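Spelled out, the chains give:
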Amino acid sequence: MKDSASIITYLTIFFNAWLLNYFHGVSAFSFASNTTTNSNSNANDFTLSSFLHRLKDNGLENMELIDMIFCGCIIILGMEFMDMTTKQMGRLLKLKTIPVRGKHLDDLEAIDMLYITLNKIATVPFVYCLVKYMYNEPNAVWALDSLTLQNTLLTIPPFFIIYDFFYTILHWALHIQAVYGYIHKHHHRQKAPSRANMDAVNVHPIEFFLGEYNHLLAIYIYCHVLGMKMHVVALNTIFSLSPILTGLNHTRWDSKVSILGWTLYDSKWHDVHHRIPQSNYGQYTNFWDLVFRTFRPYNPEDRVNPENQLGENGKSLNYGKK
């Protein structure tokens, strides 16, 4: 039996695929109606060619409504496929699972679905702002023949260090008692994340906005303040890694990235944070938690309640028991 998160993912993919199909029909009809001179046009190129021509001629600032809908569908579809990839990654890589120690949020309420939906939709204008910034940033590199190791792979570590510096401070601030109950408390209703990006984006919209646009701040500091070059290929790599790492932080998969014995990323760190909130504030690394002395290592000897473990339906084994 599929859990509700998987069903929602499949429905989202179906809905966006339907919208893309609708876009194809509308775009093709519009293109055919306005084409009177070029009788040799290939009907199969209507959607792609008309979209690319409009984007080239009008620029990002003057995108038509149908183009925005098309791009929005592509972005949300990409998010859903990344979510599905993250959920299946553990099985493909044969990763171990993290035992459930905190209480799992078995049922998503209406407020959860509202926040998840709003935050997924909010990703679309964020991507637009991100692309528009890179489009106008002098240190952004677009030409493939200008791709180098320095403006691609070597940009990724400093980006995550810069991002996590501000995110760690933001995350710590959201745990201040005076504001915790208004914003971040909602996310901590889940003590044992399992639904990947669905649990990751189940946050107050204000928190999602601050966390998401923190990526843009990190790029601005790297490119504009520090004057470093960044290729759009690096950007694509970063925003492919980000949802995967964030998603793994909210699964039961025991995933870790280490180089020469130094652990750069471990999903168990964030699992500890959901149980012991005053620790491990970083999103992607533990670098700043080590600096600020807020890092708490994962302890495999911590008590495990067998009834809190998850069944095949994605819910606790004691789900439904009185």
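Cut-offs used in this document
Residues numbered from 1 in each chain as written. Predicted model: local features only at pLDDT ≥ 70, side-chain atom pairs only at ≥ 80, totals over all residues. Heavy atoms only, no water. Helix = DSSP H or I, 4+ residues; strand = E, 2+ residues; numbered from the N terminus. Buried < 20%, exposed > 50% of the residue type's maximum accessible area, 1.4 Å probe, protein only. Contact = heavy atoms within 4.5 Å. Areas by Shrake-Rupley, 256 points an atom, 1.4 Å probe, with all protein chains shown as cover. Phe/Tyr/Trp six-rings, centres within 6.5 Å; stacked < 30°, edge-to-face > 60°. Lys NZ or Arg CZ within 6 Å of the ring centre and 35° of its normal. Core = buried A, V, L, I, M, F, W, Y, C linked by side-chain atoms within 4.5 Å. Axes fitted to C-alpha atoms, helices over the stretch in contact; angles between N-to-C directions. Parallel < 35°, antiparallel > 145°, perpendicular 65-115°, else oblique. Left-handed = near helix turned anticlockwise from the far one by under 90°. Nonpolar A, V, L, I, M, F, W, Y, C, P; charged D, E, K, R; others polar. Pairing = 2+ DSSP bridges.

### A closer look at the overall build of the protein
Summing up its helical and strand segments, the protein has eleven helices and four strands in all. Across the 322 residues that make up the protein, the buried fraction comes to 46%. Within the protein, contacts between residues at least 6 apart in sequence are counted, and of these 72% link residues at least 24 apart. In the structure as shown, the protein presents an accessible area of about 17600 Å², 64% of it carried by carbon and sulfur atoms.

### Digging into the packing of aromatic side chains
A full pass over the atoms with the stated rule returns 16 aromatic pairs. Seen in terms of ring centroids, Phe 165 and Trp 288 are 4.9 Å apart; in terms of plane orientation they differ by 65 degrees. Their pairing is edge-to-face. Of this pair, Phe 165 sits in helix 5 (residues 156-174) while Trp 288 sits in helix 11 (residues 287-292), and the two are 123 residues apart along the sequence. We classify Phe 165 as partly exposed; its relative accessible area is 28%. Through a chain of ring-to-ring contacts, three or more aromatic side chains come together here, namely Phe 126, Phe 159, Phe 160, Tyr 163, Tyr 167, Phe 209, Tyr 213, Phe 239 and Tyr 284. Here the basic side chain of Lys 268 rests over the ring of Tyr 298, its NZ or CZ set 5.6 Å away from the ring centre. The ring of Tyr 319 has Lys 315 sitting right over it, with the charged end atom 5.0 Å from the ring centre.

### A closer look at the nonpolar core
Core analysis: the biggest nonpolar cluster contains 29 residues, and Met 134, Phe 159, Ile 219 and Met 230 have the highest contact counts within it. Among the elements that take part in this core, helix 9 (residues 232-248) stands out by supplying seven residues, more than any other. Non-local contacts of Met 230, meaning those with residues more than four positions away in its chain, are made with Met 134, Asn 139, Ala 140, Val 141, Asn 151, Thr 155, Ile 219, Tyr 222, Cys 223, Leu 235 and Ile 238. Core analysis: the next-biggest nonpolar cluster, separate from the first, contains seven residues, Leu 105, Ile 116, Met 198 and Phe 208 among them.

### Observations regarding the packing of helix 4 (residues 110-136) against helix 9
As a packed pair, helix 4 and helix 9 sit with axes 12 Å apart at the nearest point and diverge in direction by 155 degrees. Accordingly, the angle class assigned to the pair helix 4 and helix 9 is roughly antiparallel. Considering the relative orientation of helix 4 and helix 9, their crossing is right-handed. Only Val 232, Leu 235 and Phe 239 of helix 9 make contact with helix 4, whose side of the interface consists of Phe 126, Leu 130 and Met 134. For the contact of helix 4 with helix 9, the residue count by class is six nonpolar, no polar and no charged.

### Let's talk about the pairing of strand 3 (residues 256-259)
In this sheet, strand 4 (residues 262-266) lies alongside strand 3 in antiparallel orientation, the contact comprising four bridges. Looking at the pairing, Val 257 lines up with Tyr 265 of strand 4. The antiparallel pairing of strand 3 with strand 4 creates a hairpin that spans two residues between the two strands, and Leu 260 there sits at a positive phi of about 55 degrees.

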